[in-house]
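# Architecture at a glance
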Amino acid sequence: MRIRRRRLSTTVRVAMSVAVAGGIMLATALPASAEGGDRAWAVQDYNGNYAPRGLIAVATDYHSPVVSSGITLPGLLTTGAVMDKATPYLSSSQVGSVVVQVNSRVTVRAVGLSSWCRVGTSSVYGGAALGSGSVLQVGGTTIPLPVNPAAGTVIDFAGGHLVLNDQDGSPSEITVYGMDIFPGNGAEIRLAATYCDSFV
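Nothing here was measured: the structure is a model prediction, and the numbers come from that model. (Residues numbered from 1 in each chain as written. Predicted model: local features only at pLDDT ≥ 70, side-chain atom pairs only at ≥ 80, totals over all residues. Heavy atoms only, no water.)

## With respect to the nonpolar core
Nonpolar side chains tend to gather and get buried jointly when the protein is soluble and globular. Here is the rule: Among buried residues, those of type Ala, Val, Leu, Ile, Met, Phe, Trp, Tyr and Cys that are joined through side-chain atoms within 4.5 Å constitute a nonpolar core. Three labels apply to residues, based on accessible area from a 1.4 Å probe with only protein chains included: buried if under 20% of the type maximum, exposed if over 50%, partly exposed otherwise in between. Strands are runs of DSSP state E lasting at least 2 residues, helices are runs of H or I lasting at least 4, and numbering of each runs from the N terminus.
Core analysis: the largest hydrophobic core is formed by 33 residues, its most contacted members being Leu77, Val100, Val135, Leu162, Met179, Ile181 and Leu191. Elements that contribute at least two residues to this core include exactly β3 (39-45), β10 (90-103), β11 (106-119), β14 (142-145), β15 (153-157), β16 (160-170), β17 (173-182) and β18 (189-197). Ranked by size, the runner-up nonpolar core spans seven residues in total, among them Cys117, Ala128, Ile174 and Cys196.

## Description of the packing of aromatic side chains
This is how the line gets drawn: Note on aromatic pairs: the rings of Phe, Tyr and Trp (six-membered ring only in Trp) are paired at centre separations within 6.5 Å, and the planes decide the class, stacked below 30 degrees, edge-to-face beyond 60, tilted for the rest. Here, a charge over a ring means that NZ of Lys or CZ of Arg falls within 6 Å of the ring centre while also lying within 35 degrees of the ring normal.
Overall, the coordinates contain one aromatic pair when judged by the stated rule. Consider the rings of Trp116 and Tyr125, whose centres lie 5.9 Å apart with planes at 85°: the pair is edge-to-face. Here Arg190 stacks its cationic end above the ring of Tyr46, 4.0 Å away from the centre of that ring.

## Points about unusual backbone geometry
Cis geometry is adopted by the peptide bond preceding Pro65, which originates at Ser64 and carries an omega value of -5°. Looking at the element boundaries, Pro65 is found in the loop between β5 (59-60) and β6 (66-68). At Ala57, a residue that is not glycine, the phi angle is positive and equals roughly 60°. By the element assignment, Ala57 lies in the loop between β4 (55-56) and β5. A relative accessible area of 1% means that Ala57 is categorised as buried. Phi is positive for Asn165, close to 50°, though the residue is something other than glycine.

## A look at the side chain of Ser68
The condition that has to hold: Here a polar contact means two N or O atoms within 3.5 Å. Within protein one must be a hydrogen donor candidate and the other an acceptor candidate, and residues neighboring in sequence count only if both atoms are side-chain atoms.
Considering the arrangement of structural elements, one finds Ser68 in strand β6. Among the residues examined, Ser68 registers a relative accessible area of 7% and is labelled buried. Side-chain polar atoms of Ser68 contact the backbone oxygen of Gly70, separated by 2.9 Å.

## Focus: the environment of Leu113
Quick note on the threshold: Two residues qualify as a contact provided that any one of their heavy atoms is within 4.5 Å of a heavy atom in the partner residue.
Examined against the element boundaries, Leu113 turns out to sit in strand β11. Take Leu113: its relative accessible area is 3%, and that puts it in the buried class. Separated by 79 residues in the primary sequence, Leu113 and Ala192 place their C-alpha atoms 6.5 Å from one another. Non-local contacts of Leu113, meaning those with residues more than four positions away in its chain, are made with Ser93, Gln94, Val95, Val98, Ala129, Leu130, Gly178, Met179, Leu191 and Ala192.

## A closer look at the pattern of salt bridges
Counted only if it meets this: What makes a salt bridge here is a side-chain nitrogen of Lys or Arg within 4 Å of a carboxyl oxygen of Asp or Glu, nothing more.
Per the stated rule, a full pass over the model turns up one salt bridge. One salt bridge in this structure joins Arg190 and Glu188, with 3.2 Å as the shortest N-O distance. Comparing Arg190 with Glu188 shows no difference in burial state: the two are buried.

## Examining the state of the cysteines
Rules: Note on disulfides: each one is a pair of cysteine sulfur atoms within 2.5 Å.
This model, assessed by the stated rule, comprises one disulfide. In this model, Cys117 is linked to Cys196 through a disulfide, with the two sulfur atoms separated by 2.2 Å. Handedness of the Cys117-Cys196 disulfide follows from its S-S torsion of about 80°: it is right-handed. Of this pair, Cys117 sits in strand β11 while Cys196 sits in strand β18, and the two are 79 residues apart along the sequence. Since its relative accessible area comes to 0%, Cys117 is described here as buried. On the basis of relative accessible area, Cys196 is assigned to the buried category, the value being 0%.

Set out below in C-alpha cells:
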C-alpha cells in the first residue's frame, strides 16, 4: 500500500461537464461561478488518451446534484447510473456497474464505486468504497478488490496497476479517487472522484 500526494491539477479548474444520455455525450460548459470550491465528478481521462481531459458528470456547490443514467467511453469503459453531489462542506460521487477494458488482457469490474470527502473543524478527510469487484486477467488470475480499501491500496495487474481510495492533498484540501487506473500506456483514468477544501 502507498499513499500518493500531489496537488490538484488545473484541469479541474477549467474542466467541462459532460451529460450522458443513452450513450451519447453532450458537452456543456460549467458556469463561471462553478470554478473552485468543493466538487465531485464521475470520470476523468487525466492524460486525454481516450476522451477530452475534462471531467465527466461534474457537480459543484453551485451546480449539484448531477445525475446520469450511465457513461460510455467507447473501447474503454461503461458505467451504470451516476450521482455526483457537492456542498460547501461535503462532496460525494457514486458510480454504478463499472466495467473498464484496461487492455486486451485485463478488465476491471465493480458493482458500484463511491468516494466522499468532508470539511471538518480542523482538517479535511475522505474515503472510498466499492461493491464486489475484481480484476479479470485473460490467462491469469482473477484478483478480488476489497470493499473498504485503505487509502492508497495498490493492485498490480498485467501491464499496469490501479489505486483504490487514492488520496491527494494537505491538511486544508483533499482529492479522493475511488479508483485511479494506470493501464501502462501513459494513460490515467480516474473514477468516482471528490474534492473538498477548507479555504474561505
